[in-house]
Structures are given as structure tokens and as C-alpha cells.
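Chain by chain, the residues run as shown.
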Amino acid sequence: LGKTKFADTAADTILSQPDESDLPYDIKNVPISRPKICGSGHSSTDRKSLALSGDLHLIDSIIKSNQISIENEKKDTTAISHVSTTSVAYELPPERPPTPCLPEEKTCKKEEAIALLNRLSRGKVIQQRMLEEKENISAVVKEKYSNLLKESIAIMINDSAT
């Protein structure tokens, strides 16, 4: 067999790769920048209230743009009503009720710890069930494989005998 420029085995490939010590210092020691986290982050109630305030702001802007378009139509129709003999009456939309606010939920550390322990225990139970199912399935697969192997050996013996 002649030598080729490619490695013949996986071991030759691994051995032929350059070592890390051959790499320049700049490549080996790349600074990793991590984002700075200011504060403790947002809790679920903070995220809910931010989402609610964003939705309310959007609804408010839609209502305001709708009122502006109605006022523009009124100006256009008043100019037309002077020319025509009939005037058009517009009804203003009903006044908007006050915006509801979510009450702030005060949770203590004990309740948060209990909730965390409940989630962890439920997760552990689910993980244990999955492991048991995996073991059951692997046992069934091994049994099927051994039966298939026995059948194929029996067929080979029968074929060789004939």
C-alpha cells in the first residue's frame, strides 16, 4: 500500500492535527465579554405589568389616532355642509373608562421557596418515570433482539443442513 497525503486512520488524523501549544497567544486567550446585569432582573409580576402597560399604551394611541381622524372628517364635512343644504351629524364615541391597574402581589421568600421545592420535586418524579420507561423499553428491545437472533441462527442452521 502506498502512502497518500491523507491520513489512513482516525488515529493518524488525530495525531496529525496541530497541538494547542503551537497556536499564537492571541488565539488561545480570547477575552470573553459577558453582558452586565444591573439589578436582580425582572420578576414575573414586573414582566406582566410591563406587558400590560405596553398594551394599554398601544390601545391609547389607537384611540387617539381614531379621534384625530374623526376630527379631520368633521372639519371636512363642515366645509362641505356650508356648500350643501344638508348637514351631517356625527356622534362622538363614548368616553373611555379609567384604565384598570393590576394589584401588586407581595410574595414572601417562604412562599417562593415552597413553590421552587414543589417544582423540583415534580420534575424529579417525572424524571424518575422517564428513566423507568427507558429501562423497560431497553429490556423489551433486548428481548426482541435476542429472539430475532435465535430465529436467524435457527434459520441458518436449517439452511446449512439442507
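The rules we used
- Numbering of residues begins from 1 in every chain and follows the order in which that chain's sequence is written.
- Local features are withheld for residues below a pLDDT of 70 in this predicted model, meaning they are given only at 70 or higher, and side-chain atom pairs are given and counted only at 80 or more; totals for whole chains, interfaces and linings count all residues.
- Here the side-chain values reflect all heavy atoms present in the structure, with hydrogen atoms and water set aside.
- Helix numbering and strand numbering both begin at the N terminus, where a helix is a DSSP run of H or I of at least 4 residues and a strand a DSSP run of E of at least 2.
- Salt bridge, as used here, is a side-chain nitrogen of Lys or Arg placed within 4 Å of a carboxyl oxygen of Asp or Glu.
- When a residue's accessible area, from a 1.4 Å probe over protein chains only, is under 20% of the maximum for its type it is buried; when over 50% it is exposed; and in between it is partly exposed.
- Like-charged residues are merged into a patch within 9 Å and nonpolar side chains (Val, Leu, Ile, Met, Phe, Trp, Tyr) within 5 Å, provided each residue has over 30% relative accessible area and no salt bridge.
- Only the protein chains shown count as covering a residue, and every accessible area follows the Shrake-Rupley method with a 1.4 Å probe.
- Definitions used for this entry: grid spacing 1 Å over protein atoms alone; cavity, a set of points where a 1.4 Å probe fits but cannot get out; pocket, an open set with protein on both sides within 12 Å along at least 5 of 7 lines; lining residue, one with an atom within 4 Å of a point.
- Grid points are joined across faces, edges and corners, and a volume is the space filled by probe spheres set on the points.
- Any residue that is not Ala, Val, Leu, Ile, Met, Phe, Trp, Tyr, Cys, Pro, Asp, Glu, Lys or Arg is counted as polar, Gly included; the first ten are nonpolar and the last four charged.

### Examining the overall build of the chain
Across its full length, the chain holds four helices and zero strands. When the helices and strands of the chain are placed in sequence order, the string is α-α-α-α.

### Section: the pattern of salt bridges
Under the counting rule described, the total for this entry stands at two salt bridges. The salt bridge partner of D60 is K64, with a shortest N-O separation of 3.5 Å. Of this pair, D60 and K64 both sit in helix α3 (residues 44-83), four residues apart, which is roughly one turn of that helix. Residues R96 and D60 are paired through a salt bridge, measuring 2.8 Å at the closest nitrogen-oxygen approach. On the criterion of sequence distance, the pair formed by R96 in the loop between α3 and α4 (109-161) and D60 in helix α3 is long-range, its members being 36 residues apart. Taking the relative accessible area as the measure of exposure, R96 reaches 34% and is therefore partly exposed. When its relative accessible area of 24% is taken as the criterion, D60 is described as partly exposed. Residues participating in the shared-partner salt-bridge network are D60, K64 and R96.

### Thoughts on a nonpolar patch on the surface
A contiguous nonpolar surface patch, about 410 Å² in accessible area, is contributed by Y145, L149, I153 and I157. With respect to the helices, strands and loops of the structure, Y145 is situated in helix α4. Classification of Y145 by relative accessible area gives exposed; the value is 55%.

### Looking at the layout of surface pockets
The probe, sized like a water molecule, is rolled over the atoms to show the empty space still left. Reported here for the largest pocket is a volume of approximately 310 Å³. Residue lining of the largest pocket: 13 residues in total, with T45, S49, L102, P103 and E104 positioned closest to the centre. Residue classes in the lining of the largest pocket are distributed as six nonpolar, three polar and four charged. The computed volume of the second largest pocket comes to approximately 220 Å³. In terms of lining, the second largest pocket is formed by S43, S44, T45, K48, E105, T107, E112, A115, L116 and R119. If you list the elements that add at least two residues to the lining of the second largest pocket, you get α3 and α4. Considering each element in turn, the lining of the second largest pocket owes the most residues, four residues, to α4. Counted by class, the lining of the second largest pocket contains two nonpolar, four polar and four charged residues.

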